[in-house]
Amino acid sequence: LLKSRIRRLQASLTANSFLLLGLTTRSGPAAHSFWSKETVLTALPFLPRQTLPRSRNRKKYAAQAPLPQRTTTVLYSSVTEVLQLLTSGPDPLIVEVVRNVSQEYAQFLHRSAEELENDEVLRSEFVQAWGPETWAEERLCTVWEAALLDAGLLEGWAIVVRKSE
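In this numbering scheme, every chain counts its residues from 1 along its sequence in written order. Whole-chain, interface and lining totals are the exception, using all residues; otherwise, since this is a predicted model, local features are given only for residues with pLDDT of at least 70 and side-chain atom pairs are given and counted only at 80 or more. The side-chain quantities take in all heavy atoms of the structure and omit both hydrogens and water.

Visitor: Help me out: how do you make sense of helix α4 (residues 79-86) in this one?
Guide: Three labels apply to residues, based on accessible area from a 1.4 Å probe with only protein chains included: buried if under 20% of the type maximum, exposed if over 50%, partly exposed otherwise in between. A run of H or I in DSSP counts as a helix once it spans at least four residues, and a run of E counts as a strand once it spans at least two, with each numbered from the N terminus. Every buried residue of α4 is accounted for by V79, V82, L83, L85 and L86. Projected onto a plane normal to the axis of α4, the buried residues spread over an arc of 160 degrees and lie on a single side. It is the directions from the helix axis to the C-beta atoms whose arc is reported.

Visitor: Any chance you could explain the packing of aromatic side chains here in plain terms?
Guide: How two aromatic rings sit relative to each other is set out by the distance from centre to centre and by the angle between their planes. Planes of paired rings set the category: under 30 degrees apart is stacked, over 60 is edge-to-face and the rest tilted, where pairs are Phe, Tyr or Trp rings (Trp by its six-membered ring) whose centres lie within 6.5 Å. Enumeration according to the criterion identifies one aromatic pair in this entry. When the centroid spacing of 6.4 Å and the interplanar angle of 15 degrees are considered together, the rings of Y105 and F108 count as stacked. Here Y105 and its partner F108 are both found in helix α5 (residues 102-118), three residues apart, which amounts to about one turn of the helix. Classification of F108 by relative accessible area gives partly exposed; the value is 43%.

Visitor: Could you clarify how one ought to interpret the side chain of S77 in this entry?
Guide: Positionally, S77 belongs in the loop between α3 (58-61) and α4. Note on contacts: a residue pair qualifies if any of its non-hydrogen atoms lie within 4.5 Å across the two residues. Residues within four places of S77 in sequence aside, it is in contact with L2, T25 and V82.

Visitor: Even after reading the chapter, I still don't get a negative patch on the surface, so can you show me in this structure?
Guide: Taken together, E114, E115, D119, E120 and E125 make up a surface patch of like negative charges. Mapped onto the negative patch, the elements with two or more residues apiece are α5 and α6 (120-130). Secondary-structure assignment places E114 in helix α5. Here a patch means residues that are over 30% exposed by relative accessible area and free of salt bridges, tied together within 9 Å if like-charged and within 5 Å if nonpolar (Val, Leu, Ile, Met, Phe, Trp, Tyr). Surface exposure here means Shrake-Rupley accessible area, sampled with a 1.4 Å probe, where a residue is shielded only by the protein chains that are shown. Salt bridges are identified by distance alone: a Lys or Arg side-chain nitrogen within 4 Å of an Asp or Glu carboxyl oxygen. When charges are counted, neither His nor the chain ends are considered; positive counts come from Lys and Arg and negative counts from Asp and Glu. Every charge is mapped onto a representative atom, which is NZ of Lys, CZ of Arg, CG of Asp or CD of Glu.

Visitor: Explain unusual backbone geometry to me, please; I cannot follow it from the model alone.
Guide: If a residue is not glycine, its phi is most likely negative; likewise, a peptide bond is most likely trans. Although it is not a glycine, N16 adopts a positive phi angle of roughly 65 degrees. Residue classification places N16 among the partly exposed residues on the basis of a relative accessible area of 39%.

Visitor: What is the right way to look at the side chain of T142 in this model?
Guide: Tracing the backbone through its elements, the reader meets T142 in helix α7 (residues 132-150). Under the relative-accessibility criterion, T142 is labelled buried at 8%. Beyond its immediate stretch of four places on either side in the chain, T142 contacts L109, S112 and A113.

Visitor: What is the right way to look at the environment of A31 in this model?
Guide: Locating A31 in the fold gives a position in the loop between β1 (18-26) and α2 (37-43). Look at A31 and you get partly exposed, because its relative accessible area is 41%. For the pair A31 and L154, spaced 123 residues apart in the sequence, the C-alpha separation amounts to 8.6 Å.

Visitor: How should the pattern of salt bridges be read in this particular structure?
Guide: Any two side chains of opposite charge can pair, given that their charged atoms come close. All chains considered together, the criterion is met by four salt bridges. The salt bridge partner of R99 is E104, with a shortest N-O separation of 2.4 Å. Classification of R99 by relative accessible area gives partly exposed; the value is 43%. Residue classification places E104 among the partly exposed residues on the basis of a relative accessible area of 34%.

Visitor: Is there a simple way to explain the sheet that holds strand β2 (residues 93-100) in this structure?
Guide: The pairing of strands in a sheet happens through backbone hydrogen bonds and is either parallel or antiparallel. At least two bridges found by DSSP between two strands is the condition for calling them paired. Spatial strand order, β1-β3-β2: three strands in an open sheet with antiparallel pairing. A single partner strand is all that each edge strand has here, and the edge strands are β1 and β2. For this sheet the average axis-to-axis angle between neighbouring strands, irrespective of direction, equals 25 degrees. Contacts from α4 reach β1, β2 and β3 (154-163) within the one sheet, and its direction differs from that of β3 by about 15 degrees. Here an axis means a line fitted to C-alpha atoms, over the contact stretch when the element is a helix, while the angle between two N-to-C directions is reported on a 0 to 180 degree scale.

Here you go:
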């Protein structure tokens, strides 16, 4: 699944275009075995959301407040494997930058969860668009992912790629 998505991505880029990819991978004890308890903990924020499909105003607010489904697919791979896929195939990309952004990403997630809870306007708009169950689920998954980054069970990566001429 990851390989086919990367191949589609490679083919969709125009010559000399740049793309910034955000990637989250397992790290520490969670990276050693897929069947470890740590790995199960790392997958939770990426599992299909329970409330998103049932959100009452989804169609009305989808363009303004999209909440895409996340996937555990990338948790099966390392950053090295993703880089290998990006730089191979019929439309290989050139890697310009690879940077571990775990700390910055964790801080961003903590701020996002705090704003989702404490910013009255944002919270109200979110609940109106998606419902209180989705608000609670989004906040929980955001805090959970931030905690996993803080604990070193996940790593966040920024990868800049370019398609050659």
